[in-house]
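Summary of the model geometry
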Amino acid sequence: MRNLTERQKEVLEFISSFTEKNSFPPTVREIGEHFDITLRAVQDHLAALHKKGYISICQKRSRSIRILKSEGKNVVPSFMIKIPIINTNIQGNSFLDSSNIKSSILCSFPFVTTEKEYFAINSPNNSMLMAGILEGDIVIAEHKIGMNIADRNLVLALIDGNICVRRIFKEQTRIRLQAENTDFPPTYCQKEEIIGLVVSVMRSCNNSTTNNLDLGLV
């Protein structure tokens, strides 16, 4: 590991071994506790590793440290992100309030990245049957509110206190949310009611999991 100090090598090796053991990277505090050094010292080491191209890190997200190089060789990022699974019937002011989080799921690259924020729901019904989404499937979405979305993307929308999965169609003065099941009529909303862009769907079948069904998500 050229151009690294001995302590920087130790920090990099700790991050690597911790991530391999736990399937997620350590926090700044955990690194500091392991080496018995201050948080500022850890941040200085991480900044140096980042500058030298050995790691990537997102300052706004916990457990976002990713190893990019090891012993001078580029590596494929390997990480897991803990994604909250939200109740579809929302209570309180924000759907991301802890009272609305019923469980969580770990998801890895390439289905998610560290630079974005995600949440998930269990599909409440078969309204998206023809899109391949069944009742109970875990629908993972990138969290974006009021974003500019292209037609026919699958989205999560918050309508009358309930989160639903729909395909989006822009009309002149409103947004049409179309189900993929003729038993469910379309609904209409404004862009502020769109809360996420669907990026992946997971289904448990006989104790196995299918990721990212071919839904034409983008």
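Up top is the structure.
Residues numbered from 1 in each chain as written. Predicted model: local features only at pLDDT ≥ 70, side-chain atom pairs only at ≥ 80, totals over all residues. Heavy atoms only, no water.

So, on to the environment of Glu135. Note that Glu135 resides in the loop between β7 (118-122) and β8 (138-143). Counting along the chain gives 68 residues from Glu135 to Arg203, while the straight-line C-alpha distance between them is 9.8 Å. Setting aside anything within four residues of it in sequence, one finds Glu135 in contact with Ser123, Pro124, Asn125 and Asn126. (Helix = DSSP H or I, 4+ residues; strand = E, 2+ residues; numbered from the N terminus. Contact = heavy atoms within 4.5 Å.)

Before going further, it helps to examine the packing of aromatic side chains. Inspection of every chain in the model, using the stated rule, returns 3 aromatic pairs. On the basis of an interplanar angle of 75 degrees and a centroid distance of 5.7 Å, the ring pair of Phe14 and Phe35 is categorised as edge-to-face. Taken as a pair, Phe14 in helix α1 (residues 6-22) and Phe35 in helix α2 (residues 28-35) lie far apart in primary sequence, 21 residues in all. Given a relative accessible area of 12%, Phe14 falls into the buried group. The positively charged end of Arg174 is found above the aromatic ring belonging to Tyr188, 3.7 Å away from the centroid. (Phe/Tyr/Trp six-rings, centres within 6.5 Å; stacked < 30°, edge-to-face > 60°. Buried < 20%, exposed > 50% of the residue type's maximum accessible area, 1.4 Å probe, protein only. Lys NZ or Arg CZ within 6 Å of the ring centre and 35° of its normal.)

Residues Ile175 and Leu177 point to one face of strand β11 (residues 175-178) and are all buried, whereas Arg176 and Gln178, pointing to the other face, are not buried. As paired elements, strand β10 (residues 162-170) and β11 share 4 bridges and run antiparallel to each other. In the sheet register, Ile168 faces β11, and the bridge partner there is Leu177. Where β11 meets strand β12 (residues 187-189), 3 bridges bridge the pair, whose relative direction is antiparallel. What sits directly across from Arg176, in β12, is Tyr188. (Pairing = 2+ DSSP bridges.)

With that settled, consider the pattern of salt bridges. The full count for this structure, using the stated rule, is 9 salt bridges. Between Arg40 and Asp44 there is a salt bridge whose closest N-O contact spans 3.4 Å. With Arg40 and Asp44 both in helix α3 (residues 39-51) and 4 residues apart, this pair spans about one turn of that helix. Accessibility expressed as a relative area gives 42% for Asp44, which makes it partly exposed. Of the charged contacts, one joins Arg167 and Glu180 as a salt bridge, the two residues approaching to 2.6 Å between their closest N and O atoms. Residue Arg167 is located in strand β10, and its partner Glu180 is located in the loop between β11 and β12; the two are separated by 13 residues in the primary sequence. (Salt bridge = Lys/Arg side-chain N within 4 Å of Asp/Glu carboxyl O.)

A regular strand carries its side chains on alternate faces of the sheet. In terms of burial, strand β9 (residues 154-159) is largely enclosed, as 5 of its 6 residues are buried. By the bridge criterion, 6 bridges tie β9 to β10 in an arrangement that is antiparallel. Among the inter-strand pairings, Ala157 is bridged to a residue of β10, identified as Cys164. Hairpin connection from β9 to β10: 2 residues lie between these consecutive antiparallel strands, with Asp160 at a positive phi of about 50 degrees.

With a phi close to 75 degrees, Arg152 is a non-glycine residue in the positive phi region. With respect to the secondary-structure elements, Arg152 resides in the loop between β8 and β9. Residues other than glycine seldom take positive phi values, yet Asp160 does so here, at roughly 50 degrees. Summarising the element assignment, Asp160 is placed in the loop between β9 and β10. According to the relative accessible area criterion, Asp160 is exposed, its value standing at 73%.

Geometric descriptors of this kind do not, in isolation, establish any biological role.
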